[in-house]
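# Summary of structural features
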Amino acid sequence: MIVFPNAKINIGLHVVSRRSDGYHNLETVFYPVQLTDALEMAENKTTGITFSGLPVEGPPGENLVLKAYHLLKNDFELPPVQFHLHKKIPTGAGLGGGSSDAAFALKMLNEYFQLRLSTEKLKNYAVKLGADCPFFIENKPMFASGIGDLFSPMELNLTQYRIVILKPEVSVSTVLAYKNVVPVPPEFNLKKLSGLPIEQWKETVVNDFEKSIFPLFPDIEKWKKKLYEAGALYASMSGSGSAVFGIFRHLPADFDKIIPEGVLFVG
Ligand SMILES: C[C@@](CO)(OP(=O)(O)O)[C@H](O)COP(=O)(O)OP(=O)(O)OC[C@H]1O[C@@H](n2ccc(N)nc2=O)[C@H](O)[C@@H]1O
Ligand SMILES: Nc1ncnc2c1ncn2[C@@H]1O[C@H](COP(=O)(O)OP(=O)(O)O)[C@@H](O)[C@H]1O
């Protein structure tokens, strides 16, 4: 069985407060985009559980696909399987690739082995793998609060626009980003995002991580400016970076000249 875990972008992100457990309360809008990895799974009774594909950074115990498998294996009789992951979503990009792989692994195991887990139960497993992992279970535009794990659906449809994602060479660690951010009360209620014309987002919709990340990695800000130069109605860093995205009504004819490199996705 094969699934295609997709990326997300954050449209606006407010880090509201630091919590006593070290996590942060935030408010953000998650929007799914069709930049995808490919994750394949087959039963493998001879060699036990295996994982192949581009190596995922960090120790094998931290591989989120394997973590998803073992999480369900604690509660269900699962035979050994082999996974193959073809990575297209870069890590350290703020695009949620690892979380998406993990959520899609849970959904695939649920379907293939007919575990009959409800969406709610799958989300409860997902949050154990990462704060933004439950988003990828339903995978629809959502306003998120709490640590990024409490969701309310949002009517936001950007299909008539073009979305461009750029990936500067640098990668940003989520832990580092949260360490440097200064929580502030939000000036705009992101729940109202879909009622605000995109032309006004530039002045109103902010990602709080930009303030501390841009001085550390000036290239990220440079790429964001390029998107505006190319005519984006709105541009921002996604999550804790380093990817930046632009939302365009139309791409200009000379887009390739303005942005000759670093384009990861055009949707
Ligand atoms: C910033 C966001 C915005 O969508 O996305 P990315 O940029 O990583 O994609 C998310 O909050 C990332 O969520 P996720 O990547 O699932 O985080 P986790 O693996 O659970 O946590 C990694 C580390 O980030 C910090 N963390 C995470 C979430 C949160 N609400 N507060 C935090 O302080 C903690 O230090 C934690 O140990
Ligand atoms: N399947 C996976 N794909 C990507 N990253 C993974 C995976 N499994 C574990 N990780 C770890 O999760 C971290 C965060 O990955 P990811 O969610 O893709 O990035 P981001 O937090 O920038 O959205 C990576 O640095 C990596 O060490």
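Note that the structure is predicted; figures quoted are calculated from it, not measured. (Residues numbered from 1 in each chain as written. Chains lettered and ligands numbered in written order. Predicted model: local features only at pLDDT ≥ 70, side-chain atom pairs only at ≥ 80, totals over all residues. Heavy atoms only, no water.)

### Quick word on the overall build of the protein chain
- If you tally the helices and strands in the protein chain, you get nine helices and 12 strands.
- Scaling as 2.2 N^0.38, a compact globule of 267 residues should have a C-alpha radius of gyration of about 18 Å, and the protein chain matches this with 19 Å.
- In terms of its C-alpha atoms, the protein chain occupies a principal-axis envelope of roughly 55 × 40 × 35 Å.
- Approximately 12,900 Å² of the protein chain is accessible, and the part contributed by carbon and sulfur atoms is 52%.
- Looking at the protein chain, you have 27 positive and 28 negative side-chain charges, and the mean spots of the two groups are 2 Å apart. (Helix = DSSP H or I, 4+ residues; strand = E, 2+ residues; numbered from the N terminus. Rg over C-alpha atoms; globule rule 2.2 N^0.38 Å. Areas by Shrake-Rupley, 256 points an atom, 1.4 Å probe, with all protein chains shown as cover. Lys, Arg positive; Asp, Glu negative; His and termini not counted. Charge placed at Lys NZ, Arg CZ, Asp CG, Glu CD.)

### Brief notes about the sheet that holds strand S7 (residues 142–145)
- Spatially, the four strands line up as an open sheet ordered S2-S3-S7-S8, and their pairing is antiparallel. Since the sheet does not close on itself, it has two edges, and those belong to strand S2 (6–18) and strand S8 (150–153), each with one partner. Averaged over neighbouring strand pairs, the angle between their axes works out to 20° when direction is ignored.
- Inspection of the sheet shows strand S3 (residues 24–36) paired to S7 by three bridges, in the antiparallel sense. Bridging across to S7, Val29 finds its partner in Phe143. (Pairing = 2+ DSSP bridges. Axes fitted to C-alpha atoms, helices over the stretch in contact; angles between N-to-C directions.)

### With respect to the UniProt feature "active site" (unreviewed entry) in the protein chain
- The UniProt entry lists Lys8 and Asp132 under the feature "active site" (unreviewed entry), expressed in the numbering used here. A stretch of 125 residues holds the annotated residues, and the largest C-alpha distance among them is 9.8 Å, short enough that they meet in one place. From the set just named, the residues that line the largest pocket comprise Lys8 and Asp132.
- In this fold, Lys8 is placed in strand S2.
- Residue Lys8 is classed as buried on the basis of its relative accessible area, which comes to 4%.
- Not counting residues up to four positions away in its chain, the partners in contact with Lys8 are Phe30, Tyr31, Pro32, Val33, Gly94, Leu95, Gly96, Asp132, Phe135, Phe136, Ser238 and Gly239. (UniProt positions renumbered as here; feature names shortened; annotations may be inferred. 1 Å grid on protein atoms, 1.4 Å probe; cavity = no way out; pocket = protein on both sides within 12 Å on 5 of 7 lines; lining within 4 Å. Buried < 20%, exposed > 50% of the residue type's maximum accessible area, 1.4 Å probe, protein only. Contact = heavy atoms within 4.5 Å.)

### Section: the layout of surface pockets
- Put simply, the largest pocket is a space of about 1,200 Å³.
- Contributing to the lining of the largest pocket are 45 residues, with Leu64, Ser99, Gly130, Asp132 and Thr174 lying nearest its centre.
- Contributing elements (two or more residues each) for the lining of the largest pocket: S2, S3, helix H1 (64–73), helix H2 (97–112) and helix H5 (174–180).
- For the lining of the largest pocket, the residue count by class is 19 nonpolar, 19 polar and seven charged. (Points joined across faces, edges and corners; volume = space filled by probe spheres on them. Nonpolar A, V, L, I, M, F, W, Y, C, P; charged D, E, K, R; others polar.)

### Let's talk about the pairing of S2
- Counting buried positions along S2 yields 10 of 13 residues, so the element is predominantly enclosed.
- Alignment of S2 against S3, held across 11 bridges, turns out to be antiparallel. In the sheet register, Leu13 faces S3, and the bridge partner there is Thr28.
- Between S2 and the antiparallel strand that follows it, S3, lie five residues; Gly22 among them carries a positive phi value of about 90°.

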